[in-house]
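The primary structure of each chain is shown beneath.
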Amino acid sequence: KFACGDYQASGKWNVDGVSQTPELNITKDMVETYKQLAKFKFECGDYQASREMLANYISLYAKPPASQAASAEEEELLAYSGNNKKDDKKE
């Protein structure tokens, strides 16, 4: 049984991951055709269906957000480098 969350958690929720899973029977060409169908639906005025389809399509290419630990480290480094620049100006 297909569960999107399982694929996301395992890092397989991407075009390569789903196309390499035999039980899903999805090819890269099918993903591209899905995007074209979403565009067609938009052009025909079915905006809600198009939005949902494009959200699914984009989710296959989206990268997971950076971890909170990495963000905290980056903020600390930026704060530290900012403090050093202020100290340099005072001298």
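Anything mentioned here points back to the structure above.
Before going into details, it helps to say that this report is about the structure given with it. (Residues numbered from 1 in each chain as written. Predicted model: local features only at pLDDT ≥ 70, side-chain atom pairs only at ≥ 80, totals over all residues. Heavy atoms only, no water.)

### So, the packing of aromatic side chains
Here a ring pair, both rings aromatic, is described through the centre-centre distance and the interplanar angle of the planes. Heads up, the condition is: In summary, the pairing rule links any two rings of Phe, Tyr or Trp, Trp by its six-membered ring, whose centres are within 6.5 Å, and it sorts them by plane angle into stacked for under 30 degrees, edge-to-face for over 60 and tilted for everything else. Categorising residues by exposure relies on relative accessible area from a 1.4 Å probe, with only protein chains included: less than 20% of the type maximum marks a residue as buried, more than 50% marks it as exposed, and the intermediate range marks it as partly exposed. The way it works is that DSSP assigns letters per residue, a run of H or I at least four long becomes a helix, a run of E at least two long becomes a strand, and they are numbered from the N terminus.
Enumeration over the complete set of coordinates arrives at two aromatic pairs. Their ring planes at 70° and their centres at 5.0 Å tell us that F42 and Y47 sit as a pair that is edge-to-face. Overall, F42 belongs to the partly exposed group, its relative accessible area being 48%. For the pair Y57 and Y61, a centre-to-centre distance of 5.1 Å together with 55° between the ring planes defines the contact as tilted. Highlighted residues: Y57 and Y61, both in helix α4 (residues 47-61), separated by four residues, approximately one helical turn.

### Regarding α4
Where we set the bar: By this rule, a helix spans an expected 1.5 Å times one less than how many residues it contains. What the arc measures is the spread of directions leading from the helix axis to the C-beta atoms. Any two residues having at least one pair of non-hydrogen atoms within 4.5 Å are treated as being in contact.
Between its terminal C-alpha atoms α4 stretches 21 Å, which fits the 21 Å expected from 15 residues at 1.5 Å a residue. Along α4, the positions that sit buried rather than exposed are A49, S50, M53, Y57 and L60. Relative to the axis of α4, the buried residues are bounded by an arc of 95° and lie together on one face. Pointing more than 90 degrees away from the buried face of α4 are the exposed residues R51 and I58. Against the buried residues of α4 lie α2 (15-19) and α3 (28-43).

### Some remarks on the environment of Q36
Looking at where Q36 falls in the secondary structure, it is placed in helix α3. Looking at Q36, the relative accessible area reads 47%, which means it is partly exposed.

### Section: unusual backbone geometry
Here N25, not a glycine, exhibits a phi torsion of approximately 55°, which is positive. Take N25: it is sitting in the loop between α2 and α3. Look at N25 and you get exposed, because its relative accessible area is 61%.

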